[in-house]
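Here's the letter readout for the chains.
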Amino acid sequence: MKYSEIMVRYGELSTKGKNRRSFIMQLASNVRQALIDFPALKVHADRDRMHLILNGEDSDLIIPKLQKVFGIQNFSPSIRVEKDLEQIKQTAQEIMKEIYTGKETFKVTARRSDHTFEQTSDELNVTVGDAVMDCFPDIKVQMKQPDINLRVEIRSNGAFLSYETILGAAGLPVGTSGKGMLMLSGGIDSPVAGYMAMKRGVEIEAVHFASPPYTSEQALQKAKDLTAKLAPYVGQIQFIEVPFTEVQEEIKNKVPEGYWMTITRRIMLLLTDRIRQLRRGLIILNGESLGQVASQTLQSMVAINEVTSTPIIRPVATMDKLEIIDTAQQIDTFDLSIQPFEDCCTIFAPTQPKTRPHLDKVHQYEERLDIYGLVERALANIKVDQILPESPQDQENEFAELL
Ligand SMILES: Nc1ncnc2c1ncn2[C@@H]1O[C@H](COP(=O)(O)OP(=O)(O)OP(=O)(O)O)[C@@H](O)[C@H]1O
């Protein structure tokens, strides 16, 4: 069906009182960014709804992208016609001819914001309903939960007909809650943590620690590909690659094996916090989940967390692994995450990491390291890349390479 516009209904925005205006502006900007590949499309946001004027752009390509924008409850693609009863009736009939299979019940829901229009909403319900029944005399009308709800809206700039309500991604528009640094490994959990944070409005930047030559180019690429899977929710994500080889070699040479993991994680966190300060983030996010591995016991978390007072949000902390996997599958990161490229933590993993590290020992071993120098050198060599959503073209190319 050739739609002329998509009408967007806001999600939780309605409960946000005074902030409403800035929320709507952020959502409009996120929608524009997500649909940047459709130059003719125009976005008009008003207090209650947002209207995407398609100007000939293809709604089939736009809809999947719009479904990833947080802050949208649902949306309806609609057809615009002149505010003329004959045209409205005819379009209603055309829509029904396309979607009615002989079984569905239906009703018409008319709404009139232009009160100069010749019929009231109730009258329009009857007029359009009769027009449909002229075409399909046996069709059943049902007021409560009909299979097809044919909506007619009379606004100042035309009459709009729609029948579909497509669920949006809900949540809050990304950017309305400030910025957080997401510690992104190549695992299953951290991309899910990033997705969940974005859903609550947090803008994320991905921080990834790489230890070449111990970690491969593919491991780095995997982290970037995971970032590209998260990018459609915002349009683009900054990816910060932190060189971590020197830190890990120093730890391996100077710290007893049982404490490698704790001290590695402390320095990762310290570095992430410095990057956060430099890039004006407010919080740190990671994919830690309670009790999965040695680094994620409560005692370990306390020892690692000691290096900063910055809030660390752990969106998946209390989720079961199966729940996390479920979300990873929904957001299409799972298959990438399980690719077996060695991460910097796996390569330098001690055989028996301390699950209950003692802070006095941690401090004692850290004395052996020039932490200040290690941190400054790593910071001086970070690389920042802008990661864009994977385009359908890239996906085709990847597929072609496999053939
Ligand atoms: N190389 C890395 N770069 C950035 N962050 C990392 C890295 N390794 C671990 N982290 C952070 O520490 C958290 C816990 O790491 P851990 O090694 O226990 O999990 P993982 O299996 O590597 O990854 P995930 O938790 O994402 O499944 C990760 O979720 C991530 O936030």
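Note that the structure is predicted; figures quoted are calculated from it, not measured.

Parameters at a glance
- Residues numbered from 1 in each chain as written.
- Predicted model: local features only at pLDDT ≥ 70, side-chain atom pairs only at ≥ 80, totals over all residues.
- Heavy atoms only, no water.
- UniProt positions renumbered as here; feature names shortened; annotations may be inferred.
- Helix = DSSP H or I, 4+ residues; strand = E, 2+ residues; numbered from the N terminus.
- Contact = heavy atoms within 4.5 Å.
- Axes fitted to C-alpha atoms, helices over the stretch in contact; angles between N-to-C directions.
- Parallel < 35°, antiparallel > 145°, perpendicular 65-115°, else oblique.
- Nonpolar A, V, L, I, M, F, W, Y, C, P; charged D, E, K, R; others polar.
- Near = heavy atom within 4 Å.
- Polar contact = N/O pair within 3.5 Å; in protein donor to acceptor, adjacent residues only side chain to side chain.
- Areas by Shrake-Rupley, 256 points an atom, 1.4 Å probe, with all protein chains shown as cover.
- Left-handed = near helix turned anticlockwise from the far one by under 90°.
- Pairing = 2+ DSSP bridges.
- 1 Å grid on protein atoms, 1.4 Å probe; cavity = no way out; pocket = protein on both sides within 12 Å on 5 of 7 lines; lining within 4 Å.
- Points joined across faces, edges and corners; volume = space filled by probe spheres on them.
- Domains from an automatic or database assignment.
- Buried area = accessible area lost by both parts, 1.4 Å probe.
- Salt bridge = Lys/Arg side-chain N within 4 Å of Asp/Glu carboxyl O.
- Core = buried A, V, L, I, M, F, W, Y, C linked by side-chain atoms within 4.5 Å.
- Buried < 20%, exposed > 50% of the residue type's maximum accessible area, 1.4 Å probe, protein only.

Attention now moves to the UniProt feature "binding site: ATP" (unreviewed entry) in the protein chain. Mapped onto this structure's residue numbering, the UniProt feature "binding site: ATP" (unreviewed entry) falls at Met183, Leu184, His208, Phe209, Arg265, Gly287 and Gln296. Mapped onto the secondary structure, Phe209 falls in strand S11 (residues 203–210). Along the chain, Gly287 falls in the loop between strand S13 (283–285) and helix H9 (298–305). With near-sequence residues (within four places) excluded, Gly287 lies in contact with Asp189, Ser190, Ala193, Gln296 and Val316.

We now examine the packing of helix H8 (residues 260–278) against helix H13 (residues 359–366). With their axes 11 Å apart at the nearest point, H8 and H13 run at an angle of 75 degrees to one another. Comparing their axes, H13 and H8 come out roughly perpendicular. Note on element contacts: H13 touches H8 through Leu359, Val362, His363, Tyr365 and Glu366, opposite Thr262, Ile263 and Arg266. Residues that form the contact of H8 with H13 fall into these classes: four nonpolar, two polar and two charged.

Contacts to the ligand come from 21 residues, most closely from Met183, Ser185, Ser190, Arg265 and Gln296. Within the backbone of Phe209, a nitrogen or oxygen atom sits 3.0 Å from a nitrogen atom of the ligand. Across the complex, the protein chains shield 88% of the 570 Å² of accessible surface that the ligand would expose by itself. Taken together, the elements giving at least two residues each to the shell around the ligand come down to helix H5 (189–199), S11, H8 and helix H12 (344–347). The dominant element in the shell around the ligand, judged by the number of residues it contributes, is S11, at three residues. A breakdown of the residues in the shell around the ligand according to their chemical character gives nine nonpolar, eight polar and four charged.

Here the focus is the packing of H8 against helix H14 (residues 371–380). Packing of H8 against H14 brings their axes to within 11 Å, and their N-to-C directions diverge by 50 degrees. By the angle between their directions, the pair H8 and H14 is classed as oblique. In this structure, H8 crosses over H14, and the sense of that crossing is right-handed. Contacts between H8 and H14 involve Ile267, Leu270, Leu271, Arg274, Ile275 and Leu278 from the former and Ile371, Val375, Glu376, Ala378 and Leu379 from the latter. Tallied by class, the residues present in the contact of H8 with H14 amount to nine nonpolar, no polar and two charged.

All right, on to the side chain of Lys222 then. For Lys222, the position within the fold is in helix H6 (residues 217–230). Those residues in contact with Lys222 that lie beyond four places of it in its chain are Gly186, Leu336, Ser337, Gln339 and Phe341.

With that out of the way, let us pick up the sheet that holds strand S10 (residues 179–183). Two orientations exist for strands paired in a sheet by backbone hydrogen bonds: parallel and antiparallel. Read across the open sheet, the six strands follow the order S14-S13-S10-S11-S12-S15; overall the sheet is mixed. Two strands bound the open sheet, and with one partner strand each, they are strand S14 (312–313) and strand S15 (383–387). Relative to S14, S13 runs parallel, the two being bridged by two bridges. Opposite Leu285, over in S14, you have Ile313 as the bridge partner.

Summed over the entire model, instances satisfying the criterion amount to one cavity of 30 Å³ or more. One number sums up the size of the largest cavity: a volume of about 50 Å³. What lines the largest cavity is Met7, Arg9, Ser78, Arg151, Glu153, Arg155, Phe160 and Ser162. Listed by contribution, the elements that provide at least two residues to the lining of the largest cavity are strand S1 (5–10), strand S7 (148–155) and strand S8 (158–162). The dominant element in the lining of the largest cavity, judged by the number of residues it contributes, is S7, at three residues.

Domain annotation of the protein chain identifies domain 1 (5–169) and domain 2 (179–402). The C-alpha-based centres of domain 1 and domain 2 are spaced at 43 Å. Counting residues at the interface gives six residues for domain 1, matched by nine residues for domain 2. Each partner contributes to the roughly 750 Å² buried at the junction of domain 1 and domain 2, and carbon and sulfur atoms together form 58% of this total. Counting the surface domain 1 buries against domain 2, the share from its top three residues, Gln33, Lys68 and Phe70, is 67%. For the pair domain 1 and domain 2, the number of links is zero salt bridges. Here domain 1 is connected to domain 2 by zero residue pairs in polar contact (both at pLDDT 80 or more). The residue inventory of the side of domain 1 that touches domain 2, partitioned by class, reads three nonpolar, one polar and two charged.

A few words on the nonpolar core. Ranked by size, the top nonpolar core spans 47 residues in total, and within it Ile6, Val31, Met50, Leu52, Leu66, Ile88 and Met96 carry the most contacts. The contact partners of Leu66, leaving out residues within four places of it in the chain, are Ile6, Val8, Val31, Leu35, Leu52, Ile72 and Phe75. By size, the runner-up hydrophobic cluster in this structure holds 36 residues, among which are Ala169, Val192, Tyr233 and Val234.

A separate point is the pattern of salt bridges. Tallying each qualifying case throughout the model produces 21 salt bridges. Ionic pairing is found between Arg155 and Glu5, a salt bridge with its closest N-O pair at 3.0 Å. Here Glu5 lies in strand S1 and Arg155 lies in strand S7, a separation of 150 residues in the sequence. For the residue pair Arg155 and Glu5, the accessibility class agrees, reading buried in each case. Residues Lys83 and Asp114 are paired through a salt bridge, measuring 2.6 Å at the closest nitrogen-oxygen approach. With Lys83 in the loop between strand S4 (72–81) and helix H3 (85–99) and Asp114 in the loop between strand S5 (105–112) and helix H4 (121–135), this pair connects stretches of sequence that are 31 residues apart. A relative accessible area of 11% places Asp114 in the buried class. Linked by salt bridges that have partners in common, Glu5, Arg49, Glu153 and Arg155 make up one network.

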